[in-house]
Amino acid sequence: MLRFILRRLLSLIPVLFVVSVVIFSLIHLTPGDPARRILGEKASDEAVAALHASMGLDAPVVIQYLNWVGGVFTGNLGNSYFLNKTVVEAIGDNAVPTIQLAIIAMLVAVLLAVPFGTIAARYRDGAIDRSVTAFTLIGMTVPSFVLALAMMLIFGLSLRWLPISGYINPFEDLGEGLRTLLMPGIALGAITAALIARTTRASVLDVLNADYIDAARSRGVTEKRLLFAHTIKNASLPVLTIVGLSLGSLVTGAAVTETIFNIPGLGQLLINAISRRDYPVIQGVILFITLIYLLTNLLIDLLYGIVDPRVRVGKAR
């Protein structure tokens, strides 16, 4: 197992290298100049050139990239051009709201989708199955920003149950913090819930149609025991895969939701950095999100062996 983990961690290096090259290339190929952004469009060419030199932007692009990568290996992602702080500090300040939002969105998705997907499979072609299928289709087709705006109108402005914007850290005020994150979490997790529900339904149906389930049923095993003792666990691997992939997507896809609900997370930090041409912050945030995505998938691979002992990831060739 340890060898497998080390091998997977080493395999992250070429992926992160390719991502770093792509990020750096795209940023420097995109029109826009952070020095002009800072000094204004009417600044003289001499002033802009002097600022370029102080920021290291007058060096060849390859040299700039090597300097940045060298800093990454020492934990130094550079300094923000506009925030008066390091990129590591900026990521640290904004990562907490995004991770909290992603966790709440995933909890909402799993707690709703897995039970309803299982029930839909158990009572296939019944009223519950048709209702769950209809809701999953709606959940997968309605964009998260449309759902967010609709929820703001209904639960924020009309009923006044939840705040329509702002963020309070749940570690400082648990009740108010959860109130500020609940509606964004539901809006962000709706598509994920629909996807998990459909996967759960399909996976449970496959197991229920297996021969060993028919054999167990013929021996008089009750339907309740068949479902909870023999079906759900064996159907959990595909669901676990979707949960892992979706958790990474929730972190990377939170930008729109954070902007709508004015949550100071990584998505909002990244959007502001792009609009300002804050190169170090853009590079650092995308690299950090990529690392979270890769580590999440590694964690899911390790969980396979726990959920299903037949999957021996540590002994895979």
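This structure is a prediction, so every number in the text was calculated from the model and none was measured.

Trainee: I would appreciate a short explanation of the UniProt feature "domain: ABC transmembrane type-1" (unreviewed entry) in the protein chain in the present structure.
Mentor: Within the UniProt annotation, "domain: ABC transmembrane type-1" (unreviewed entry) is assigned to residues 95–304. Taken end to end, residues 95–304 comprises 81% helix and 0% strand; its first and last C-alpha atoms sit 27 Å apart.

Trainee: Hey, could you run me through the UniProt feature "transmembrane region" (unreviewed entry) in the protein chain in this one?
Mentor: If you check UniProt for "transmembrane region" (unreviewed entry), the listed places come out as residues 9–29, 99–120, 132–157, 177–197, 235–261 and 281–307 in our numbering. Helix makes up 92% of residues 132–157 and strand 0%, and the two end C-alpha atoms of the span are 28 Å apart.

Trainee: When you look at a nonpolar patch on the surface in this model, what are you seeing that I'm missing?
Mentor: Taken together, the side chains of Leu-2, Leu-6, Leu-9, Leu-291 and Leu-295 present a nonpolar region at the surface, about 430 Å² in accessible area. Summarising the element assignment, Leu-295 is placed in helix H14 (residues 279–307).

Trainee: Can you walk me through the packing of helix H5 (residues 87–122) against helix H13 (residues 266–276) in this structure?
Mentor: Geometrically, a packed helix pair is captured by the angle between its two axes and the distance between the axes. Running from N to C, H5 and H13 point in directions that differ by 135°, and their axes come no closer than 7 Å. Relative to H13, the element H5 is oriented oblique. Across the interface between the two elements, Ala-90, Ile-91, Asn-94, Ala-95 and Thr-98 from H5 touch Leu-266, Gly-267 and Leu-269 from H13. Split by residue class, the contact of H5 with H13 holds five nonpolar, three polar and no charged.

Trainee: Explanation requested: the pattern of salt bridges in the structure shown.
Mentor: Side chains that carry opposite charge are capable of pairing whenever their charged atoms lie near each other. Within this structure, the stated rule accounts for seven salt bridges. Salt-bridge contacts for Asp-45 lead to Arg-36; the nearest nitrogen and oxygen are separated by 2.7 Å. Between Asp-129 and Arg-201 there is a salt bridge whose closest N-O contact spans 2.7 Å. Within this pair, whereas Asp-129 is found in helix H6 (residues 127–141), its partner Arg-201 is found in helix H8 (residues 174–208), the two being separated by 72 residues in sequence. Given a relative accessible area of 3%, Asp-129 falls into the buried group. Shared partners join several salt bridges into a network, and the residues in it are Arg-122, Asp-214, Arg-217 and Glu-223.

Rules and cut-offs
- Residues numbered from 1 in each chain as written.
- Predicted model: local features only at pLDDT ≥ 70, side-chain atom pairs only at ≥ 80, totals over all residues.
- Heavy atoms only, no water.
- UniProt positions renumbered as here; feature names shortened; annotations may be inferred.
- Helix = DSSP H or I, 4+ residues; strand = E, 2+ residues; numbered from the N terminus.
- Patch = residues over 30% accessible without salt bridge, like charges linked within 9 Å, V, L, I, M, F, W, Y side chains within 5 Å.
- Areas by Shrake-Rupley, 256 points an atom, 1.4 Å probe, with all protein chains shown as cover.
- Salt bridge = Lys/Arg side-chain N within 4 Å of Asp/Glu carboxyl O.
- Axes fitted to C-alpha atoms, helices over the stretch in contact; angles between N-to-C directions.
- Parallel < 35°, antiparallel > 145°, perpendicular 65-115°, else oblique.
- Contact = heavy atoms within 4.5 Å.
- Nonpolar A, V, L, I, M, F, W, Y, C, P; charged D, E, K, R; others polar.
- Buried < 20%, exposed > 50% of the residue type's maximum accessible area, 1.4 Å probe, protein only.

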